[in-house]
Structures are given as C-alpha cells and as structure tokens.
Amino acid sequence: MTVTGTWKLDPGCVPCGGSFRFGMGLTLTVGAGTSVTWTNRDEEPHTVVAGDGSFHSPGMGTGATFSHTFSTAGTFDYVCSIHPMMHGTVVVTG
Ligand SMILES: [Cu+2]
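Enquirer: How should I be thinking about the sheet that holds strand S3 (residues 27–31) in this particular structure?
Expert: Hydrogen bonds along the backbone pair up the strands of a sheet, which may run parallel or antiparallel. Read from one edge of the open sheet, four strands run S3-S8-S7-S5, paired in mixed fashion. The strands lining the two open edges of the sheet, one partner per strand, are S3 and strand S5 (49–50). Two elements, S5 and strand S7 (residues 74–79), share two bridges in a ladder whose sense is antiparallel. The partner of Ala50 across the bridge, within S7, is Tyr78.

Enquirer: Looking at this structure, how should I read the packing of aromatic side chains?
Expert: Aromatic ring pairs are described here by two measures, namely the spacing of the ring centres and the angle between the planes. Across all of its chains, the model carries seven aromatic pairs by this definition. With a centroid separation of 5.7 Å and an interplanar angle of 25°, the aromatic rings of Trp38 and Phe55 are classed as stacked. Within this pair, whereas Trp38 is found in strand S4 (residues 34–40), its partner Phe55 is found in the loop between S5 and strand S6 (65–70), the two being separated by 17 residues in sequence. We note that Trp38, like Phe55, is buried. Between Trp38 and Phe66, the ring centres sit 6.1 Å apart and the planes meet at 25°, which makes this aromatic pair stacked. Of the two residues, Trp38 is situated in strand S4 and Phe66 in strand S6; the sequence distance between them amounts to 28 residues. An aromatic cluster is defined as three or more aromatic residues linked by ring pairs; in this entry it consists of Trp38, Phe55, Phe66, Phe70, Phe76 and Tyr78.

Enquirer: I would appreciate a short explanation of the coordination of the copper ion in the present structure.
Expert: Tetrahedral metal sites with four donors have an ideal angle of 109.5 degrees; octahedral sites with six donors have ideal angles of 90 or 180 degrees. Surrounding the copper ion are the protein donor atoms His46 (ND1), Cys80 (SG) and His83 (ND1), which sit 1.9 to 2.1 Å from the metal. Read N to C, the donor residues that coordinate the copper ion are spaced as H-x33-C-x2-H. The two residues Cys80 and His83 agree in class, both being buried.

Enquirer: How should the side chain of Thr47 be read in this particular structure?
Expert: For Thr47, the position within the fold is in the loop between S4 and S5. Of note is the side chain of Thr47, whose polar atom sits 2.7 Å from the backbone nitrogen of Ser81.

The rules behind the values
Residues numbered from 1 in each chain as written. Predicted model: local features only at pLDDT ≥ 70, side-chain atom pairs only at ≥ 80, totals over all residues. Heavy atoms only, no water. Pairing = 2+ DSSP bridges. Helix = DSSP H or I, 4+ residues; strand = E, 2+ residues; numbered from the N terminus. Phe/Tyr/Trp six-rings, centres within 6.5 Å; stacked < 30°, edge-to-face > 60°. Buried < 20%, exposed > 50% of the residue type's maximum accessible area, 1.4 Å probe, protein only. Donors = N, O, S within 2.8 Å, 3.2 Å for Na, K, Ca; no water. Polar contact = N/O pair within 3.5 Å; in protein donor to acceptor, adjacent residues only side chain to side chain.

Such coordinate-based values are descriptive only and should not be taken to indicate function.
Written as structure tokens, this is what we have:
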C-alpha cells in the first residue's frame, strides 16, 4: 500500500512565522507495511526527518519525492529540518 502526501504552504500563514502543513493533515494513520511518499509542492526546499532518526530525506526541491515504509507499529513524529515549525505525525497501526 502506498500513501502519497504533499508538503504545502498553509495559505493563511505569515512568512517564516506561520505553519506549514503536511498536505493530508498533521496526523496520518496507516497500517504497518505502508509506504508513505511525501512530495514537495512548495517553492522552498524541505526535508522529512523522523524525530527518532529512523528516516531522513535529503533536501527536496520543488516536485521532489521521498518515500519511507513504516514496517512497525508506533507513532512517528517528523519535522522539516530547514523549517522546524513544519511537523507532522504518522501513526502506524499493527
Ligand atoms: Cu521546510
């Protein structure tokens, strides 16, 4: 199973002080074994970095994608290392 999401700028945000949003919502719930693909739909470069270090994308320009397969159940927080106010959570159910 593959779930695709996007990073996009919240239209209501203030530059650099507002929130960026994971395109599918701040929390994504998937089953174990799901591959999640992030696509950068913003004009700024972004990354996807797990809080526990379990995955780390390279710098992603506009249109770049990064995929990670969540094989174990748990709650995985992630941030953009360039813009730490961009964050989200993937909840993996068994
Ligand atoms: Cu960013």
